[in-house]
Amino acid sequence: MYLPRQLISHLYLQLLRSHHPLSPPVLILVALEPDALCACRILTALLKRDYIPHKIQPVAGYGDLARAGEELVRPMQTTNGGSGGVVVCLGVGGLVDLGEILALSNPEDEVEDMGGVEIWVFDARRPWNLGNVFGGQAGMGQAMTEIDANARRRGRGVDKGCITPAYTSKTGGIVVYDDGDIEEELRNEREAYYALLEMPDVDEDDDASDDDAEDDTHEGSKKRKSWSGREDDEDSDGDEPPHQRRRSNSGSSITSSPTRRRKTGLNSSNSSRSATPTTDSPSPEETKEPSARSLKKRLLNLKRRHDSVLQKYYSSGTSYSEPISSLLYSLASELGRDDNDLLWLAIVGVSSLELSGRTMTGVGISNTSESGGSAGWGGQRGEHIRQILRDEVHRLNPPDPFERDRDIRGEINGVIPTTARSPTDTSIRLSPEPRFLLVRHWSLYESMLHSPYLAPRLHVWTENGRKRLHKLLAKMGISLTQCHQYYTHMDMELKRVLRSRLLKYAPMYGLDGLVPAEGAGSASAREGWGFVRCWGWKACLSATDVGVILGAMLEVGPHEASPSWDSRRLPRASGNNDSENGMTTAESDLESLLPRFWSAYDALSLTSESPTLLLESLPLAQHLHRAILRTGTSLLSKHQIRHLHAFRIAVVKDGPDVKLFTNAGALTKLALWIAEAIRVQEKERGDSVKIGRKRAAGTPLVLAGLDEDRDLYVVVGTGGGGGVVDFGAMSKRQDERKKKKEAKDKKQKEKADRRAKRAAERAEREDGSDAEEEESEESESSESESEDEDDPHDKKHLLRNRFGIAFQEVVQQTNARVRIDSFEHCVVEVQKDDLSGFLEALSFRSVVG
C-alpha cells in the first residue's frame, strides 16, 4: 500500500489516538547514512513530544535487516505471541519485498497475515518494490470475489493500493510513504500490477505443449491440466528475471516480483473475463465461442504486455527521489510541530545527498549548474524543495529590526557569515556559500585544494594545476600568507571582497559555478544560496559542513568504541559460510559500525547548547578528504586508471590510506572525485563516450578497494553523469532546434517546389533524365533529417546507474564469489582471486541506461 502525500499525517494521528501506556514501542530501523540519520532525529523528536516509546535499531545491509526481522519484528506479531505494533524503515528496504525479508508473511499461506505489524517505509531510492507499493495489505491472498464481499471488513480504505481517509490500521501491512512519484509517475505500473494480480496463473511453456497435444486422440491418455486451474505451488523463484532478485547476506533470494504476491484461490473465471481484451466483430462463419486454446493465447499476450511494463520499470536503473529528511519535516509541519531544530535537520539531510553522489540518475557525478551554488540532487524538483526550505528559514527566523540594516548590507555584499549576531543567537541564515570544503574550519588554500568541485577543474593532482590555483589566488589579490591562515583569521577586507573577486576571476579558469551569481543574490529567492546556523559565540556551521562531518563519522568512525554502545547492539548469529558463492561472511557489519552510528546520532543532539561532538570530529573529516586527494592524485598521476569496454576501472590496493577505502561510503566519495576529474579531462579534449545512440556526459567508473583483513575487494560503480538537468540550457537548445527545424522545413518546401516544377517540365519533354538528380536530392534530405534526430543533449540526463543490475547478471552467469548486501546496489564485495574474472564479465554489460 502507499500513503499519498496529502495524507502524510494520517497514520501518525491514528498511532497517537491508539497509543496507551501498555502499547509496544515503535521500532525504528535506520540506514547508516546522514539523510536517514537526520530523518531519525526528526521522527524521534515527534515521538518524544507525544510520549510514545520507541526503539532505534541501525542496520548496515540486507543481512542485518533480515536478522532484525527475525529477532525483533517477528516476536511483535500476534501470531507469535506479540501484540502487534509499528515498524518504521528509514532509508531501508524500499527496493525489496519487506514482507519476505522481515519474515512477516509465509509464502505457503493462502492469506497473508501480518500479525498486526504495520511497516512504514520512507526511502528515497528508486525503483520501488511494487509488491510493497501496491500490495502489502493483509488478506491480499484471498479470491477477488471474497475481497469484494468483505471490503468493509478487510480492505476498507484502500483503493488499488492507495490509502484513503477511511483507512484504519488494525490488521497490519506495509505502507510506503509517497513523496508524489507514485501518484504522478506509476499509473501504468499500477494498472499492470493489478491486471497481473487478477489473472489466473498460466505457464507460457504450456503454450508450446498445446500444439503437440492437439493431435492426441487417445482417450486413455492422461488429460493435460487446464490452464485455468493451475496451482501456484508449481511456481519457482528460478523463473524470475535477474533484475527482480536481491541477494541477502546469507545468500537467500529476496524476491520483488509483484506476481509472486498472488496466492491460490483467485477466481479464475471472473478474472479471465475481466482480463481478456474485446475481440473484433465475428464474421457469420465465426458464431461459436472462442476455444480455451485461443483464450489462453490472448491471456498470454496480455500477460506479456503487462510483464514488459513492470520489467521496463525495474530495468531502468537506480535513481533518487526526495530526501526522506525532507519528507519527515513535511510530516512535522503537517502536525504543526515544525521549529528551527527540525528545519535544520531537514536542511542537513538534503544537503548531504550531493556529497555522497546521490542524484536523480543514481549514484554518480551530477551536472553542475553554471549559475553557481550547489549542484543539488534533483534538477528543477530539487531546487523547488531547496526553495521551500529557504522560505521556511525566512518564516522561522525573522530578522531583528535592530540588526536589519547590517544584515541587508552583509547579504548584498555576499559576505560569508562566520559568527553569530549575539551570544544567544541560534538562528538559521542564508549564505552565498562558495563550493569550497569546510571553509570556516580550514585555511582558504586547503579548503580550495580539497574542494570536489574546484580540484578536478584546476587539475590539482599535477604541478601545473597547483600553479593555476596559485595564479587564481594572486589575481584575486590574496597572498599565500593570508590564504594559509585559518579563514576566520584572514583580513576582514579580503573576506568582504572574496565573493566579488571570485565572480570576476573564476570564469577564467572554467569555474563558473564556484559561487552563486550576482543575480541570484539580489532576488528574494536567493537561488543557489546555502544555509548556516550559529550557536552563539561557540560555533558557526553550514549545512554542508555538518553533512561532511557526519559522513566522515559514519565512514571512518571514532578510533575507540564508545563504552555505552555495547548494550544497544543487536544480537548476532555466528559467522557462516555462504554456500552459494563460497564467501565467508562476517558476523555483522554492525560490530564496527554501531559505535559510528551512535556517535553521529549524539552529534545531532537537539538538547545540546553547542555542537561539541561535531567540532571534535572536524579533524576526522579533514583526514578523510586529505586521503581522497592523496589517493586520487596517485591514481591519476601514475596513469593507473584503465579504460575497458563499457567503463573505466581503478584499483586501490596499496598506499597509506588503503584501509580507509574499505568502507563503501568513503570509496564512493573517492570514485566521485576521480570520475569528476575524468569528465573534466574529456570535456577539455572534446571527448565523450557513446552508449548505443546516446552520448554520455562522462565515462562510468568502477573503483575497487582492497580489504586485506577479509581478503576481498569492495567494488563500487558510479554513473557517468547527468544527475542534474540544466533546464535553462535545455530550453535554449530547444529554441535553437525549433529555429533549425523551421529553416529546414522552409528549405524542404523550396526543394519540393523545385521538384514539382521539374516534374512538370519532364512531363512536357517526356524525359526522365532528371530522375537521378531528384533521388540524390531526396537522399541528401533524408541524411540531414537523420543527423538532426536523437539530439543527445536532452537524453544524457536520462542515463541511470545500472551497475546493480549488471552485478547481479554477472553473479548469475559466472562462478565469481560475490556478496551483495549493501542497500546501495551499485556496491558489492568480490573475493580477491575472483576480481579479474568479475570485471572481465562486467565489461560486456550495460552499466548505464
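Residues numbered from 1 in each chain as written. Predicted model: local features only at pLDDT ≥ 70, side-chain atom pairs only at ≥ 80, totals over all residues. Heavy atoms only, no water.

Undergrad: Quick question: what am I supposed to make of the overall build of the protein here?
TA: When helices and strands are tallied, the protein shows 30 helices and 25 strands. Looking at the 849 residues of the protein, the share that counts as buried comes to 54%. Counted over contacts in the protein with a minimum sequence separation of 6, partners at least 24 positions apart contribute 78%. (Helix = DSSP H or I, 4+ residues; strand = E, 2+ residues; numbered from the N terminus. Buried < 20%, exposed > 50% of the residue type's maximum accessible area, 1.4 Å probe, protein only. Contact = heavy atoms within 4.5 Å.)

Undergrad: When you look at the sheet that holds strand β15 (residues 428–431) in this model, what are you seeing that I'm missing?
TA: Pairing between the strands of a sheet is mediated by backbone hydrogen bonds and can be parallel or antiparallel. The antiparallel open sheet is built from three strands, whose spatial order is β15-β16-β17. Every other strand in the sheet has two partners, leaving β15 and β17 (540–542) as the edge strands with one partner each. Taking each pair of neighbouring strands and ignoring which way they run, the sheet shows an average axis angle of 30 degrees. Across the face of the sheet, helix α13 (residues 340–355) comes into contact with β15, β16 (530–534) and β17 while running at roughly 135 degrees to β16. Along the sheet, helix α22 (residues 543–555) contacts β16 and β17; its crossing angle with β17, the most-contacted strand, is approximately 80 degrees. (Pairing = 2+ DSSP bridges. Axes fitted to C-alpha atoms, helices over the stretch in contact; angles between N-to-C directions.)

Undergrad: Would you explain the pattern of salt bridges in this entry?
TA: Any two side chains of opposite charge can pair if their charged atoms end up close together. Within this structure, the stated rule accounts for 34 salt bridges. Across the pair Arg 395 and Glu 392 runs a salt bridge, and its minimum N-O distance is 2.8 Å. One end of the pair is Arg 395 and the other is Glu 392, both in helix α14 (residues 379–396) and three residues apart, which spans about a single turn. Of the charged contacts in the structure, one is a salt bridge between Asp 657 and Arg 630, with a shortest N-O distance of 2.9 Å. Separated by 27 residues along the polypeptide, Asp 657 in the loop between β19 (648–652) and α26 (664–685) and Arg 630 in helix α25 (residues 618–637) bring together distant segments of the chain. The exposure class assigned to Arg 630 is partly exposed, which follows from its relative accessible area of 39%. Salt bridges linked by common partners bring Glu 33, Asp 123, Arg 125, Arg 358 and Glu 824 together as one network. (Salt bridge = Lys/Arg side-chain N within 4 Å of Asp/Glu carboxyl O.)

Undergrad: Would you take a moment to explain the packing of helix α2 (residues 34–49) against α22 for this structure?
TA: Each pair of packed helices gets described by two things: the angle between the helix axes and the distance between those axes. In contact at an axis separation of 10 Å, α2 and α22 are set at 105 degrees when each is read in the N-to-C sense. Regarding the angle of α2 to α22, the classification is roughly perpendicular. Residues Pro 34, Leu 37 and Cys 38 of α2 pack against Leu 550, Gly 551 and Leu 554 of α22. Grouping the constituent residues of the contact of α2 with α22 by class yields five nonpolar, one polar and no charged. (Parallel < 35°, antiparallel > 145°, perpendicular 65-115°, else oblique. Nonpolar A, V, L, I, M, F, W, Y, C, P; charged D, E, K, R; others polar.)

Undergrad: How should the environment of Phe 134 be read in this particular structure?
TA: Within the fold, Phe 134 resides in helix α5 (residues 130–134). With 132 residues separating them in the primary sequence, Phe 134 and Tyr 2 have C-alpha atoms 6.8 Å apart.

Undergrad: When you look at the side chain of Glu 33 in this model, what are you seeing that I'm missing?
TA: With respect to the element layout, Glu 33 can be found in the loop between β2 (26–31) and α2. For Glu 33, a relative accessible area of 8% puts it in the buried group. Non-local contacts of Glu 33, meaning those with residues more than four positions away in its chain, are made with Gly 91, Arg 125, Arg 358 and Leu 554.

Undergrad: I tried to follow the sheet that holds strand β23 (residues 712–718) on my own but got confused; where do I start?
TA: Across the sheet, which stays open at both edges, the six strands sit in the order β18-β19-β22-β23-β25-β24 with mixed pairing between neighbours. Of all the strands in the sheet, just β18 (642–643) and β24 (818–819) have a single pairing partner and so form its edges. For strand β22 (residues 701–707) and β23, the ladder comprises seven bridges, and the chain directions are antiparallel. Note that in β23 the partner of Val 702 across the bridge is Gly 717. Relative to the sheet, α26 contacts β19, β22, β23 and β25 (827–831), its axis offset from that of β22 by approximately 145 degrees. Along the sheet, helix α29 (residues 803–813) contacts β22, β23, β24 and β25; its crossing angle with β23, the most-contacted strand, is approximately 135 degrees.

Undergrad: For this particular structure, what's the right way to read helix α12 (residues 324–334)?
TA: Because each turn of an α-helix spans 3.6 residues, side chains separated by three or four positions end up pointing in the same direction. Most of α12 sits inside the fold, with nine of its eleven residues counted as buried. Among the residues of α12, Ile 324, Ser 325, Ser 326, Leu 327, Leu 328, Tyr 329, Ser 330, Leu 331 and Ala 332 are the ones counted as buried. Gly 336 sits one or two positions beyond α12 and adopts a positive phi of about 75 degrees.

Undergrad: Explanation requested: the pairing of strand β9 (residues 173–177) in the structure shown.
TA: For a regular strand, the rule is simple: side chains alternate between the two faces of the sheet. Here β9 lies mainly inside the structure; five of its five residues are buried. Both faces of β9 are covered, namely the face carrying Gly 173, Val 175 and Tyr 177 and the face carrying Ile 174 and Val 176. Sheet topology note: the strand β5 (residues 117–122)/β9 ladder contains four bridges and is parallel. Opposite Trp 120, over in β9, you have Val 175 as the bridge partner.

Undergrad: So what exactly am I meant to see when it comes to the confidence of the model for the protein here?
TA: Low pLDDT means the predicted atomic positions in that stretch should not be read closely. In the predicted model, the protein carries a mean pLDDT of 77, and the fraction of residues at 70 or more is 71%. Low confidence marks residues 721–732, where pLDDT is under 50. Its contacts with residues over four positions away, or in another chain, come to 35 contacts. (pLDDT = per-residue confidence, 0-100.)

Undergrad: How do you make sense of the packing of aromatic side chains when you look at a structure like this?
TA: Centre distance and the angle of the planes are the two values used to describe a pair of aromatic rings. The final tally for this structure, using the stated rule, is 16 aromatic pairs. Geometrically, the ring pair formed by Phe 803 and Phe 807 is tilted, given 5.8 Å between the ring centres and 40 degrees between the ring planes. One end of the pair is Phe 803 and the other is Phe 807, both in helix α29 and four residues apart, which spans about a single turn. Among the residues examined, Phe 803 registers a relative accessible area of 0% and is labelled buried. Judged by its relative accessible area of 0%, Phe 807 falls in the buried class. Members of the aromatic cluster, connected to one another through ring pairs, are Tyr 2, Phe 134, Tyr 193 and Tyr 194. Directly above the ring of Tyr 601 sits Arg 41, whose terminal nitrogen or CZ lies 3.8 Å from the centroid. Here Lys 495 stacks its cationic end above the ring of Tyr 487, 5.7 Å away from the centre of that ring. (Phe/Tyr/Trp six-rings, centres within 6.5 Å; stacked < 30°, edge-to-face > 60°. Lys NZ or Arg CZ within 6 Å of the ring centre and 35° of its normal.)

Undergrad: What's the story with the packing of α25 against α26 in this structure? I'm lost.
TA: Running from N to C, α25 and α26 point in directions that differ by 50 degrees, and their axes come no closer than 10 Å. Classified by the interaxial angle, the pair formed by α25 and α26 is oblique. When you trace α25 past α26, the crossing you get is right-handed. Taken together, the residues of α26 that come into contact with α25 (itself represented by Leu 624, Ile 628, Leu 629, Thr 631, Gly 632, Thr 633, Leu 635 and Leu 636) are Ala 666, Lys 669, Leu 670, Trp 673, Ile 674 and Ala 677. (Left-handed = near helix turned anticlockwise from the far one by under 90°.)

Undergrad: Is there a simple way to explain the environment of Thr 462 in this structure?
TA: Within the secondary structure, Thr 462 is located in the loop between α17 (454–458) and α18 (463–475). The partly exposed category is assigned to Thr 462, whose relative accessible area is 31%. Expressed as a C-alpha distance, the spacing of Thr 462 and Leu 636, which sit 174 residues apart in the sequence, is 9.0 Å.

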